[in-house]
Amino acid sequence: MFSFQSKKIYLFMFLGIQLVVIALFSREAYKKSVTYFIHILRKDNASIPTGRNQTSTAVVANGGDVYANLSRLSKAHSQGENLTYCPKTSPLIGGRINVRIHSNFTMQEVQRKNPLVVRGGRYRPPDCEARHRTAIIIPHRDREHHLKVLLYFLHPFLQRQQLNYGFYVIHQAGNYTYNKAKLMNVGFREAMKDEDWDCLFFHDVDLIPEDNRNTYVCDANPKHVSVAIDKFGYELPYNQVFGGVTALSPLHYLKMNGFPNNYWGWGGEDDDIGDRVSLAGMSISRPSLKVGRYKMIKHKLDKGNNANTKRFNLLRKTRQTWKQDGMNTVESRVISREYHPLYTNITVDVGTKAGLPPPPPPPKAATMADQIQHHG
Ligand code: NGS
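Residues numbered from 1 in each chain as written. Predicted model: local features only at pLDDT ≥ 70, side-chain atom pairs only at ≥ 80, totals over all residues. Heavy atoms only, no water.

Peer 1: Before we go on, may I ask you to explain the packing of aromatic side chains in this structure?
Peer 2: Here the distance between the centres and the angle between the planes together describe a pair of aromatic rings. Scanning the entire structure with this criterion turns up 13 aromatic pairs. Judged by centre distance (6.2 Å) and plane angle (85°), the rings of Tyr-168 and Trp-197 are edge-to-face. Taken together, the residues Tyr-168 in strand S3 (residues 164-172) and Trp-197 in the loop between helix H7 (180-194) and strand S4 (199-203) connect sequence positions 29 residues apart. Since its relative accessible area comes to 1%, Trp-197 is described here as buried. With 5.5 Å between their ring centres and 15° between their planes, Phe-202 and Tyr-253 make a pair best called stacked. Residue Phe-202 is located in strand S4, and its partner Tyr-253 is located in helix H8 (residues 250-255); the two are separated by 51 residues in the primary sequence. According to the relative accessible area criterion, Phe-202 is buried, its value standing at 2%. Taken together through their ring pairs, the aromatic side chains of Tyr-67, Phe-105, Tyr-152 and Phe-153 make up a single cluster. The side chain of Lys-148 reaches across the aromatic face of Phe-105, ending 4.9 Å from its centre. Its end group placed over the ring of Tyr-234, Arg-293 keeps NZ or CZ at 3.7 Å from the ring centre. (Phe/Tyr/Trp six-rings, centres within 6.5 Å; stacked < 30°, edge-to-face > 60°. Helix = DSSP H or I, 4+ residues; strand = E, 2+ residues; numbered from the N terminus. Buried < 20%, exposed > 50% of the residue type's maximum accessible area, 1.4 Å probe, protein only. Lys NZ or Arg CZ within 6 Å of the ring centre and 35° of its normal.)

Rendered as structure tokens:
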């Protein structure tokens, strides 16, 4: 098509243009005008009225505030009947979050900062139909201070991901030795009564996610999410680790018969759960170390949660016990279910190693003599 001569001409023209551009760039005045032009463009962008499309630029920049521009979401509130699905990737997802742990704020302030969260800690995107329904299950006892910090960071974090979500705090009643895995079994059972959740995040109360690209949705396999914790130098501490933050679909959960009920005290239950994943024929999926980053809130060992000396023995037997002990045998008594503004609190008696105590006697029926006295 082109002769050799014309190709040469084009080549020279191209090189000539390159030279002119380089010369222009090297001139200080030109540089200044480019900077000025960019500045004007940025200013224009900032003054565009806020609307749904603009929120797409309102992302958390690296090291950003997880609440940055989140209030724009509430302004875009619309309660239309026929909402279209949210985009596959939320345009609100930011990158790295600046997690500076302090607690100079009240729960009411967290509430004020999250005006679209409704009773029981439930949220759905105001302007599109969420593609995912995620329940956050938090086993808990005497950690109100950590809970406040977690809610402060996690509510906006999940709103940016355009999820339909709900928070469940599963509070162990009494002072008997703590049983985290059993509390999580209760959490699963109670959360599934409310909604057809398609993913459950089992979440330690002291782990704060540091990257908004860590999406709180389930994978094809059970997901170990908190892969890079500051306490472990942002590295996986060991290969089979399955504690901290994990994500399972109801199907995953039932396939592995949930979690063990017989780990009382600290340690081992998460390793048992990890073993269950492979015993049930599944494998562990994980986000990258870059994205699955967490800060752990520093604290002392909890009262009533001493290291479980039986854990190594129990772990040796998981292969024989997992089908007999788990979701199919969880015994507990729900004492109360309270709908707080930022979470649903379920207080539960999980009993002791000896089992569940007999139920309290029903309120005494008034005797005839009582009634006569009362009416007399
Ligand atoms: C393992 C424990 C796990 C525990 C993990 C990290 O050794 O339960 O350390 O603990 N397994 C056994 O003891 C068998 S941490 O340093 O985060 O407190 O989760």
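That shown, we press on.
Peer 1: Just checking my understanding: could you explain the pairing of strand S9 (residues 293-296) for this structure?
Peer 2: Strand residues, when the strand is regular, have side chains that alternate between the two faces of the sheet. Two elements, strand S5 (residues 207-209) and S9, share three bridges in a ladder whose sense is antiparallel. Bridge pairing links Pro-209 to Tyr-294 in S9. Of the pairings in the sheet, the one linking strand S7 (residues 228-229) to S9 comprises two bridges and is parallel in character. Along S9, the bridge assignment pairs Ile-229 with Tyr-294. (Pairing = 2+ DSSP bridges.)

Peer 1: Is there a simple way to explain the site of the ligand in this structure?
Peer 2: Around the ligand, a shell composed of Lys-231, Phe-232, Tyr-238, Trp-266, Gly-267, Gly-268, Asp-270, Asp-271, Arg-311, Phe-312 and Leu-315 is seen. In the environment of the ligand, an oxygen atom lies 2.6 Å from a nitrogen or oxygen atom belonging to the side chain of Arg-311. Expressed as a share of its isolated accessible area of 450 Å², the protein-covered part of the ligand is 71%. Secondary structure elements with two or more residues in the shell around the ligand: helix H9 (269-279) and helix H10 (311-316). Class assignment of the residues belonging to the shell around the ligand gives a composition of five nonpolar, two polar and four charged. (Near = heavy atom within 4 Å. Polar contact = N/O pair within 3.5 Å; in protein donor to acceptor, adjacent residues only side chain to side chain. Areas by Shrake-Rupley, 256 points an atom, 1.4 Å probe, with all protein chains shown as cover. Nonpolar A, V, L, I, M, F, W, Y, C, P; charged D, E, K, R; others polar.)

Peer 1: Would you mind going over a nonpolar patch on the surface with me for this structure?
Peer 2: Taken together, the side chains of Leu-11, Phe-12, Phe-14 and Leu-15 make up a nonpolar region of the molecular surface, amounting to roughly 450 Å² of accessible area. Assignment of secondary structure puts Phe-12 in helix H1 (residues 4-26). We classify Phe-12 as exposed; its relative accessible area is 59%. (Patch = residues over 30% accessible without salt bridge, like charges linked within 9 Å, V, L, I, M, F, W, Y side chains within 5 Å. Salt bridge = Lys/Arg side-chain N within 4 Å of Asp/Glu carboxyl O.)

Peer 1: Hey, could you run me through the pattern of salt bridges in this one?
Peer 2: Side chains that carry opposite charge are capable of pairing whenever their charged atoms lie near each other. On inspection of all chains with the given rule, the structure shows 15 salt bridges. Note that Asp-219 is salt-bridged to Lys-223, the shortest N-O span being 3.9 Å. Residue classification places Lys-223 among the buried residues on the basis of a relative accessible area of 5%. Here Arg-276 and Asp-272 are joined by a salt bridge, their closest N and O atoms 2.8 Å apart. Separated by four residues within a single helix, Arg-276 and Asp-272 lie in helix H9, roughly one turn from each other. We note that Arg-276, like Asp-272, is buried.

Peer 1: Explanation requested: the nonpolar core in the structure shown.
Peer 2: Nonpolar side chains tend toward joint burial in soluble globular proteins. Counting residues in each nonpolar core, the largest one holds 41 residues, and the members touching the most others are Ile-136, Ile-138, Leu-154, Leu-158, Phe-167, Phe-201 and Tyr-216. Contact partners of Ile-138, with chain neighbours within four places excluded, come to Leu-147, Leu-150, Phe-167, Tyr-168, Val-169, Ile-170, His-203 and Val-205. Ala-181, Phe-259, Ala-280 and Met-282 belong to the second largest nonpolar core, which has 30 residues in total. (Core = buried A, V, L, I, M, F, W, Y, C linked by side-chain atoms within 4.5 Å. Contact = heavy atoms within 4.5 Å.)

Peer 1: Sorry, what's going on with the sheet that holds S9 here?
Peer 2: Taken together, three strands build an open sheet; the order of strands is S5-S9-S7 and the sheet is mixed. What marks the edges here is a single partner per strand, and that holds for S5 and S7.

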